[in-house]
Amino acid sequence: MDNRRLILLFIFLFSSYLLWNEWVKFNHPQPVVANGAPATSTAANGAVPTPSATLPAAAVPGATASNPAAPVAGQTVTVKTDLVNADISTLGGDLVQMTLRNYQGTTDKSQPFTLFGANHRYAAQTGLIGDNLPNHKSLFKLLPGPLDMGTGNELKVALEADTPDGVKVVKTYTFHRGTYLVDVGYDIVNGSTHPLNTHAYFQLLRDDKSPGGEPRMVNTYTGPAFYTESDKYHKVSFSDVDKGKAKLPQPGTDGWVAMVQHYFVSAWVPRDKTPREFFLRNVTPAQNGQPGTYAAGVIVPVSPVAPGAKTSIDVPLFAGPQIQSELEKVAPGLNLVVDYGWLTIIASPIFWALEWIHKAVGNWGWAIVVLTVLIKLIFFPLSAASYKSMAKMRQITPRLQHIKEHFADDRQRMNQEMMELYRKEKINPLGGCLPIVIQIPVFIALYWVLLGAVEMRNAPWIGWITDLSTADPYYVLPVIMMISMFIQTRLNPTPPDPMQAKMMMIMPMIFGVMFFFFPAGLVLYWVVNNILSIAQQWQITRMIGAASAAANDAKA
């Protein structure tokens, strides 16, 4: 296979990769088997989850059954902090809506972004497991106290529920200034005459709809994810739950459960060394055009409570943007929700470099430009070798064409003559492509970095580019990219095969059409990379041509 065919193959494969990953849902992870760990809770549809016998402090007989009751209506109260507005319902004490005040809405940028809410039937729910104990279906009473953090550093919102047995339960949300981490806990006073043994569950309820405002032709993962030290980070698709293929981590003393979507995440993160068991179930199957609803959560044991005694338990909830430096502080592995897949080892340092450049230049668009230049400089020797090889191939193209025409009926002789010409001219027919192939993982890793970084969301660059995470509104960058690709094609050796030549000219159009719908930050990277490549290739071609002309003059 000659150099031109390798170049064509590379372009075809890479474009196919982009089409496969961006036109089809690129993340359909295989379920992770956890040595027989239960896939879902055995609780009935919409009921309270049931712990298995693997957790300590098992409930007293009958205490694992939820207490059925007639549906009741709750009221909601709005809590305001420096970062979020949160609606808490007295029904279950659920966190039913949360807007992030520092992030603009997807469709209406005059409004803050809504993470939890009715648009996606997305909520954080908790409860105690046992007869007559309050759960996410029980009615609570809001206790007196402020609902606005104001200038304080902490805000506590408490709700109370009593049981017929005399057990008093207070559920408390503790919001902290400057963080999206919320402590959610229970204070339990056992006013009954018998010991109380129970478990608490903490779950994220969400439908299977992708978040609104997803970039066209770009599909990112939406769904539950789990992490433990033994099983590491893995995602479980909603479809795997429906098919009964979902496998969860074994019960242990570390790990977290999350609901992941593009740019944002919510996660229950139990305290370190706390025994826990994960669960995942389909709450409402999809039907009549309505999406299915799923609950992913964790069950933790509550310390036994003697009559007249009290105990408490809490599990932090993170609900906010996927800022990696903040996620690393919350829990081990939580930063992995910014998922680069098998390219994480390359993508992570690339993002670190991009973040460092941004601190210096103060603009994410210019940070992309500077990073592209640096990457180009790092790979300059490889690129130079590639362009030198292509320049030499361009010079001998007429001779190669003559060989192909002269030995058209004898392919073996034709190949021998071509290899002899390569040897004579000291040309490696693979020299133009191998350096490019080596760079492919870096290019793809940078692609996913720019696609997954929440920092790009609503980040302006210059003029008409006011949001690097959305498509160029006037398609200026995609048009420039198409033009740059046409120029690159003209600088490359012309394939002797007319069909190959046509394909080489069509590829810029294919890429251009795709990039019309890609986020502006991604297109900006490709435009800068192409411009630098054109300048480098033109200079090297000119130098090779001058050297060849000088050699011919010397021979004359």
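Residues numbered from 1 in each chain as written. Predicted model: local features only at pLDDT ≥ 70, side-chain atom pairs only at ≥ 80, totals over all residues. Heavy atoms only, no water.

(A) Summary view of the overall build of the protein chain. Secondary structure assignment for the protein chain yields 11 helices and 17 strands. Residues classed as buried in the protein chain amount to 52% of the 556 residues present. Sequence-distant contacts in the protein chain: of pairs separated by 6 or more residues, those separated by 24 or more amount to 68%. Summed over its atoms, the accessible surface of the protein chain is roughly 25,100 Å², and 59% of this surface lies on carbon and sulfur atoms. (Helix = DSSP H or I, 4+ residues; strand = E, 2+ residues; numbered from the N terminus. Buried < 20%, exposed > 50% of the residue type's maximum accessible area, 1.4 Å probe, protein only. Contact = heavy atoms within 4.5 Å. Areas by Shrake-Rupley, 256 points an atom, 1.4 Å probe, with all protein chains shown as cover.)

(B) View of the sheet that holds strand E7 (residues 154–162). Spatially, nine strands are ordered E6-E7-E8-E9-E17-E14-E13-E11-E12 in an open sheet, and the strand pairing comes out antiparallel. Two strands bound the open sheet, and with one partner strand each, they are strand E6 (141–142) and strand E12 (232–235). Here strand E8 (residues 167–176) pairs with strand E9 (residues 181–190) via nine bridges, running antiparallel. Note that in E9 the partner of Val169 across the bridge is Ile188. (Pairing = 2+ DSSP bridges.)

(C) Looking closely at the pattern of salt bridges. Overall, the coordinates contain 11 salt bridges when judged by the stated rule. Of the charged contacts in the structure, one is a salt bridge between Asp467 and Lys109, with a shortest N-O distance of 3.3 Å. Here Asp467, found in the loop between helix H8 (434–452) and helix H9 (476–491), pairs with Lys109, found in the loop between strand E3 (95–104) and strand E4 (112–116); they are 358 residues apart in sequence, far enough to count as distant. In this structure Asp467 comes out as buried when scored by relative accessible area, which is 5%. By relative accessible area, which is 37% here, Lys109 ends up partly exposed. The partner of Arg271 in a salt bridge is Asp183, and the shortest N-O contact between them spans 3.3 Å. Residue Arg271 is found in the loop between strand E14 (264–268) and strand E15 (277–284), and its partner Asp183 is found in strand E9; the two are separated by 88 residues along the sequence. A relative accessible area of 38% means that Arg271 is categorised as partly exposed. Each of Lys141, Glu160 and Lys168 takes part in salt bridges that share partners, so that together they form one network. (Salt bridge = Lys/Arg side-chain N within 4 Å of Asp/Glu carboxyl O.)

(D) How the structure looks around the packing of aromatic side chains. This model, assessed by the stated rule, comprises 18 aromatic pairs. Plain terms: the ring middles of Tyr173 and Phe175 are 6.3 Å apart, the flat faces sit at 20° to each other, and that makes the pair stacked. When sorted by exposure, Tyr173 lands in the same class as Phe175, which is buried. Taken together, a centroid distance of 4.9 Å and an interplanar angle of 80° make the contact between Tyr447 and Trp448 edge-to-face. Accessibility classification places Tyr447 together with Trp448 in one group, the buried group. (Phe/Tyr/Trp six-rings, centres within 6.5 Å; stacked < 30°, edge-to-face > 60°.)

(E) Structural view of the side chain of Ser266. Position of Ser266 relative to the elements: it lies in strand E14. A distance of 2.5 Å separates polar atoms of two side chains, one belonging to Ser266 and the other to Tyr122. Not counting the four nearest positions on each side in its chain, Ser266 is found in contact with Phe116, Tyr122, Leu204, Val257, Ala258, Met259, Phe318 and Ala319. (Polar contact = N/O pair within 3.5 Å; in protein donor to acceptor, adjacent residues only side chain to side chain.)

(F) Quick peek at the UniProt feature "transmembrane region" (unreviewed entry) in the protein chain. UniProt's entry tags residues 364–385, 433–454 and 503–528 with the feature "transmembrane region" (unreviewed entry), counted in the numbering of this structure. With 95% helix and 0% strand, the stretch residues 364–385 has end C-alpha atoms that lie 31 Å from each other. For residues 503–528, the helix share is 85%, the strand share is 0%, and the end-to-end C-alpha distance is 24 Å. (UniProt positions renumbered as here; feature names shortened; annotations may be inferred.)

(G) Region of interest: helix H7 (residues 411–425). With 15 residues, H7 should cover 21 Å at 1.5 Å per step; its first-to-last C-alpha distance of 21 Å lies within 8% of that length. Downstream of H7 by a residue or two, Lys426 has a phi angle that is positive, lying close to 55°. (Expected span 1.5 Å × (residues − 1).)

(H) Molecular detail of the environment of Val167. Mapped onto the elements of the fold, Val167 is located in strand E8. By relative accessible area, Val167 is classed as buried at 4%. Along the chain, Val167 and Gly308 lie 141 residues apart, while their C-alpha atoms are 9.3 Å from each other.

(I) Summary view of unusual backbone geometry. Unlike most non-glycine residues, Tyr263 shows phi in positive territory, near 80°. Residue placement: Tyr263 occurs in the loop between strand E13 (256–261) and E14. The phi torsion at Asn458 lies on the positive side, around 60°, for a residue other than glycine. Note on placement: Asn458 falls in the loop between H8 and H9.

(J) Representation of the confidence of the model for the protein chain in the model. Mean pLDDT for the protein chain: 82, with 81% of residues reaching 70 or above. Across residues 1–13, confidence stays below pLDDT 50; counting only partners more than four residues off in sequence or on other chains, it has 33 contacts. A low-confidence stretch, residues 57–70 stays under pLDDT 50, and its non-local contacts, those more than four residues away or across chains, total 26 contacts. (pLDDT = per-residue confidence, 0-100.)

(K) How the structure looks around the environment of Val513. As for its position among the elements, Val513 is in helix H10 (residues 498–515). Classification of Val513 by relative accessible area gives partly exposed; the value is 47%. Considering only alpha carbons, one finds Val513 and Pro478, 35 residues apart in sequence, at a separation of 7.9 Å.

(L) Geometry of the side chain of Gln488. In this structure, Gln488 sits in helix H9. On the basis of relative accessibility, which here comes to 16%, the residue Gln488 falls in the buried class. Once residues within four sequence positions are removed from consideration, Gln488 is found in contact with Asn530, Ser533, Ile534 and Gln537.

(M) Up close: the nonpolar core. Grouped together as the largest cluster of nonpolar side chains are 124 residues, with contacts concentrated most on Phe116, Phe175 and Trp268. For this core, the leading source of residues is H8, giving 11 residues. Core analysis: the second largest hydrophobic core is formed by 10 residues, Leu400, Met418, Tyr422 and Ile427 among them. (Core = buried A, V, L, I, M, F, W, Y, C linked by side-chain atoms within 4.5 Å.)

(N) Representation of the packing of helix H4 (residues 344–361) against helix H5 (residues 364–378). Contact geometry for H4 and H5: axes closest at 8 Å, N-to-C directions at 125°. Classed by the angle they form, the pair H4 and H5 counts as oblique. Read as a crossing pair, H4 and H5 show a hand that is right-handed. Of the residues in H5, those touching H4 at Ile350, Ala353, Leu354, Glu355, Ile357, His358 and Val361 are Trp364, Trp366, Ala367, Ile368, Val370, Leu371 and Leu374. Looking at side-chain class alone, the contact of H4 with H5 contains 12 nonpolar, one polar and one charged residues. (Axes fitted to C-alpha atoms, helices over the stretch in contact; angles between N-to-C directions. Parallel < 35°, antiparallel > 145°, perpendicular 65-115°, else oblique. Left-handed = near helix turned anticlockwise from the far one by under 90°. Nonpolar A, V, L, I, M, F, W, Y, C, P; charged D, E, K, R; others polar.)

(O) Molecular detail of the pairing of strand E10 (residues 196–207). Burial of E10 is extensive: 12 of the 12 residues sit out of reach of the surface. Alternating positions in E10 separate into two faces, Leu196, Thr198, Ala200, Phe202, Leu204 and Arg206 on one and Asn197, His199, Tyr201, Gln203, Leu205 and Asp207 on the other, with burial throughout. As paired strands, E10 and strand E16 (residues 293–305) are joined by 11 bridges and run antiparallel to one another. Directly across from Ala200, in E16, lies its bridge partner Val300.

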